[in-house]
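Structure at a glance
What follows is the residue order along each chain.
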Amino acid sequence: MYTQGLAEPPARAGAPEPVVEDAEQLRRFEARIDAEEKIEPKDWMPAAYRRTLIRQISQHAHSEIVGMLPEGNWIGRAPSLQRKLILIAKVQDEGGHGAYLYSAAETLGVSRAELIDQLLAGTAKYSSIFNYPTRSWADIGAIGWLVDGAAIMNQIPLCRCSYGPYARAMTRVCKEESFHQRQGYDIMLKLANGTPAQKRMAQDALDRWWWPSLMMFGPPDTDSQHTALSVRWKIKRFTNDELRQKFIDFTVPQARYLGLEVPDPELRWDEQGRCHRFGEIDWSEFHAVLKGDGPCNRERMLARRDAHEAGRWVREAALAHAAKHRRAAAMA
Ligand SMILES: [Fe+2]
Ligand SMILES: [Fe+2]
């Protein structure tokens, strides 16, 4: 979801040849995976496992950092001091999630600076959901309830991911995500039980965020070429479609409790299948947003580049300070 099971682009001309792995090493590796052992940074792993993890963890880290922007936008306009404090804490948590995840990615032999350069150059992806605008206070409720709710659905199984550093980072992240989901639902509950205008605001937010939230789980399994290998190597435990279905089944009763209507005329409970059937997702919108044509893609990247530039002196000062201490320690 924050990674959306995005497929790697097809190999370009001049790209390195795919690595042919040693059969015995691969057999031992897969036996460890089957035995539910965790793979650690210094262990042997297939090049495709390393590459998939770097792509997935870094997309996830970028999503956390870019995800701070739509909500950060409302810190100054939160309706009470208490709501403001909660929102500041939540946005700060997302920054922390980004930091753990960049660290987890670094254990695979890639540097944080390199990953951030890819984000700022527009060559790395982040979750499509953060390219939608936050127009009203109810959007902050809808993000917590739906976006963080979808994040939990995806991330709980990642706590059992076969790669140790990722699994451990996710355990901590998930604890914080459940607080995020509850604070969002609490905002929705207040608005849905408020004045008619507040209830309309909550419904409008649900109308706008419902479909983009379903897209967060990534393309349908039939179009997600990496799913099978990721499931076999226990990077993923469920496919995109399985997670999307779980999310819908979990969330529809919550919408009903709020007295709000899910904006899908085809949504119905299937008694035999014991699940909700739902309408067609507009995948052309998903692909347009991923390509950079969503409502806020340009604004988000501009904000990140500005923040990176504004922080340059802090990074330089920190490096100079560390170098000074190293020199002092060497002379002592
Ligand atoms: Fe997060
Ligand atoms: Fe969150």
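For the structure itself, consult the block above.
Below is a short write-up of the structure. (Residues numbered from 1 in each chain as written. Chains lettered and ligands numbered in written order. Predicted model: local features only at pLDDT ≥ 70, side-chain atom pairs only at ≥ 80, totals over all residues. Heavy atoms only, no water.)

1. Observations concerning the overall build of the chain
Each helix and strand counted, the chain has 13 helices and two strands in total. Computed over the C-alpha atoms, the radius of gyration of the chain is 21 Å, within 12% of the 20 Å expected from 2.2 N^0.38 for a compact globule of 332 residues. With the principal axes as the frame, the chain shows a C-alpha extent of 70 × 55 × 35 Å. Counting the 332 residues in the chain, one finds 49% classified as buried. The long-range fraction of contacts in the chain, counting pairs at least 24 apart against all pairs at least 6 apart in sequence, stands at 80%. (Helix = DSSP H or I, 4+ residues; strand = E, 2+ residues; numbered from the N terminus. Rg over C-alpha atoms; globule rule 2.2 N^0.38 Å. Buried < 20%, exposed > 50% of the residue type's maximum accessible area, 1.4 Å probe, protein only. Contact = heavy atoms within 4.5 Å.)

2. Observations regarding the pattern of salt bridges
Counted under the stated rule, the structure contains 21 salt bridges. Residue Arg-208 is joined to Asp-204 by a salt bridge in which the shortest nitrogen-to-oxygen separation is 3.0 Å. Of this pair, Arg-208 and Asp-204 both sit in helix α8 (residues 196-215), four residues apart, which is roughly one turn of the helix. Here the salt bridges share partners, and the residues they tie into one network are Glu-71, Lys-90, Glu-94 and Asp-148. (Salt bridge = Lys/Arg side-chain N within 4 Å of Asp/Glu carboxyl O.)

3. Considerations on the coordination of the iron ion (ligand 2)
Protein coordination at the iron ion (ligand 2): the donors are Glu-94 (OE), Asp-148 (OD), Glu-177 (OE) and His-180 (ND1), at 1.9 to 2.2 Å from the metal. One way to put it: the four donor atoms around the iron ion (ligand 2) meet at angles of 87 to 164 degrees, and that makes the site irregular. Between the iron ion (ligand 2) and the iron ion (ligand 1) the interatomic distance amounts to 3.4 Å, and Glu-94 serves as a bridging ligand to the pair. Taken together, the residues span a long stretch of sequence, with Glu-94 in helix α4 (residues 81-106) and Glu-177 in helix α7 (residues 164-192) at a distance of 83 residues. The two residues Glu-94 and Glu-177 agree in class, both being buried. (Donors = N, O, S within 2.8 Å, 3.2 Å for Na, K, Ca; no water. Tetrahedral: all angles 85-135°; square planar, octahedral: opposite > 155°, others 65-115°.)

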